[in-house]
Amino acid sequence: MTALTQEEVASHTRTVVQGLEALRNEHNSILSGINTTLASSHHPPDSNVISEKAGILQKSLDQIELGLSEAQIMLALASHLQTVEAEKQKLRAQVRRLCQENAWLRDELASTQQKLQASEQHVAQLEEDKKHLEFMSTIKKYDADVQDSESSMEEKKDKSDDPVVDLFPDDDADDRAGLKRSGDFGSQASLATMSPTPPSQFAQQVNAGYEIPARLRTLHNLVIQYASQGRYEVAVPLCKQALEDLEKTSGHDHPDVATMLNILALVYRDQNKYKEAANLLNDALAIREKTLGENHPAVAATLNNLAVLYGKRGKYKEAEPLCKRALEIREKVLGRDHPDVAKQLNNLALLCQNQISQEERRGVPKEELLGKYEEVERYYQRALEIYETKLGPDDPNVAKTKNNLASAYLKQGKYKEAEILYKQVLTRAHEREFGAIDGDNKPIWQVAEEREENKNKVKDSAPYGEYGGWHKAAKVDSPTVTTTLKNLGALYRRQGKYEAAETLEDCAIRSRKEAVNLVKDGMTPEGSRRLSASKDRLRRGSRESLNSADFDANDDVSRSPHSHTHNKRTLTRT
């Protein structure tokens, strides 16, 4: 049976009412006739039958009256519903009108905001133009001093300003970064919160293999200073103005133009404008190859800059051939055993290691990546050999490279090899700080293992002093040592050596900053609470590391923000 509309129900109800009224009138007429018959004859022979008919008619009339009442109620209800529907339509019309007015107001607001933003940009541009004009008016006095300062700058030039653009930065930047962050195995750097490049590193990345001419040096130094301070709104217009002037005077295909392109590319990289930076670096690479030759150190520096940029965007496959070509140039120009070659090997290994992690996240079986793992190990081992031979076992890069190599071992499940490297780093740091190892002067890992062996013989409340002076190792606040302590502690936890892990974690959190705070607090309850909170944070980090089995390397190759955001591989800087 098909459903009826409201109008059809009301129409049928009216028809039924008319029929019921006619039926009621007919019943009343019949009942009146029966009553008249009963009244005219006092005792008719069929009086009982007539009375029974009258009763039946009366009941039928009652039913008819009830039906009429219900029909009237239905009609009244239909009328009410029509009224409600009319009100509803009226309200809908009002809502549509209000929506239209709201949309119009939003458009007006958006237009006004755009005008305001355009006005603010115009004002900001005028202010920058004013500053630039003021700068150009005062730069002449610096030009007069360029020749006088050139000789002094040559004398002050540090021979450590190498042409390699490291994927992990200088030690000062490492210290600052390492003490600010904590992660699974060591500190982690996130691209989303990348700070401006320090001036010394910025200069290395730009000047590598090419001498800045005197007429550009003042402007070059100013741009580096502004960029290192994060004042990109000043640095970018200066670079663009210098590029325009250079191209007018020297032409586009000139080494000075390539140098300024490198500067602007690194400024864009610090602003996370990777596409613009890549275009500029490719342009600079083409110019340097054309003007300086394909095997010039400046070409290797630009290739390495480009590889770092691709690495930050997670394009490790594209970065690897660039890094390999930079390595070939450095080997050809500097020799196979030069420390700069070792740094390039480290960069190449880190890129390959990140590429492996990327492939594993895509579901590639680990068996298919064994060759890549072996390649990473070869790069690290060769870099380690160069560092130890040329710079000595105490050079910071030796410990960093050992940590990197240990991370590669851990990813393959080679826990014993990784443990040996971690112990070597800690032993060497202990010897530098406290002298030769003997029965009374033990490295922290050895004390930790002894505590693990004797954990059932010593009460939990026993002070640390009873186990020798191991806690003094907390004074060794090198980020590399701290990272190694955390990594070895997490490895101990994986092996079920919880007492040894806690010993290393306690030592790791006793950095110089923590030690100063504890001294200031005088070991008050507040100081004890801070120490306990730090231990809890470190243990949580170790547990997360073991659950994910993500042993991070020590580098500065970060993933693009468009990569995976959970458990993403941001790399440790020690």
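What you see is a predicted model, and the numbers here were worked out from it, not measured in a lab. (Residues numbered from 1 in each chain as written. Predicted model: local features only at pLDDT ≥ 70, side-chain atom pairs only at ≥ 80, totals over all residues. Heavy atoms only, no water.)

## Side note on the overall build of the protein
Logical step 1: Each helix and strand counted, the protein has 19 helices and zero strands in total.
Logical step 2: The 574 residues of the protein split such that 44% are buried.
Logical step 3: Here the contacts in the protein between residues at least 6 apart in sequence split such that 71% fall between residues at least 24 apart. (Helix = DSSP H or I, 4+ residues; strand = E, 2+ residues; numbered from the N terminus. Buried < 20%, exposed > 50% of the residue type's maximum accessible area, 1.4 Å probe, protein only. Contact = heavy atoms within 4.5 Å.)

## Looking at a nonpolar patch on the surface
Logical step 1: A cluster of nonpolar residues, Leu4, Val9 and Met74, forms a patch on the protein surface that exposes about 240 Å² of accessible area.
Logical step 2: Turning to its location among the elements, Val9 is positioned in helix H1 (residues 6-40).
Logical step 3: Residue Val9 is classed as partly exposed on the basis of its relative accessible area of 32%. (Patch = residues over 30% accessible without salt bridge, like charges linked within 9 Å, V, L, I, M, F, W, Y side chains within 5 Å. Areas by Shrake-Rupley, 256 points an atom, 1.4 Å probe, with all protein chains shown as cover. Salt bridge = Lys/Arg side-chain N within 4 Å of Asp/Glu carboxyl O.)

## Examining the environment of Val364
Logical step 1: On the secondary structure map, Val364 appears in the loop between helix H11 (339-361) and helix H12 (370-390).
Logical step 2: In this view, Val364 contacts Glu359 and Leu369; residues no more than four positions away in its chain are not counted.

## Quick look at the nonpolar core
The nonpolar side chains of a soluble globular protein tend to be buried with one another.
Logical step 1: Formed by 87 residues in total, the largest nonpolar core has its most connected members in Leu485 and Leu488.
Logical step 2: Excluding residues within four positions of it along the chain, Leu488 makes contact with Glu419, Tyr422, Lys423, Leu426, Trp445 and Leu504. (Core = buried A, V, L, I, M, F, W, Y, C linked by side-chain atoms within 4.5 Å.)

## Notes on the packing of helix H14 (residues 415-434) against helix H16 (residues 479-494)
Logical step 1: Running from amino to carboxyl end, H14 crosses H16 at an angle of 140 degrees, the nearest separation of the two axes being 10 Å. H14 and H16 meet at a crossing whose hand is left-handed. For the pair H14 and H16, the contacting residues are Tyr415, Glu419, Tyr422, Lys423, Val425, Leu426 and Ala429 in the first and Val481, Thr484, Leu485, Asn487, Leu488, Leu491, Tyr492 and Arg494 in the second. (Axes fitted to C-alpha atoms, helices over the stretch in contact; angles between N-to-C directions. Left-handed = near helix turned anticlockwise from the far one by under 90°.)

## Some words on the environment of Pro255
Logical step 1: Along the polypeptide, Pro255 turns up in helix H7 (residues 255-270).
Logical step 2: For Pro255, a relative accessible area of 13% puts it in the buried group.
Logical step 3: Sequence separation between Pro255 and Glu289 is 34 residues, and the spatial gap between their C-alpha atoms is 9.6 Å.

## Some words on the pattern of salt bridges
Logical step 1: A complete count under the given rule lists 27 salt bridges for this structure.
Logical step 2: With a shortest N-O distance of 2.6 Å, Arg382 and Glu331 are connected by a salt bridge. Here Arg382 is found in helix H12, whereas its partner Glu331 is found in helix H10 (residues 316-334), with 51 residues between them in sequence.
Logical step 3: The buried category is assigned to Glu331, whose relative accessible area is 16%.
Logical step 4: Between Asp394 and Arg432 there is a salt bridge whose closest N-O contact spans 3.6 Å.

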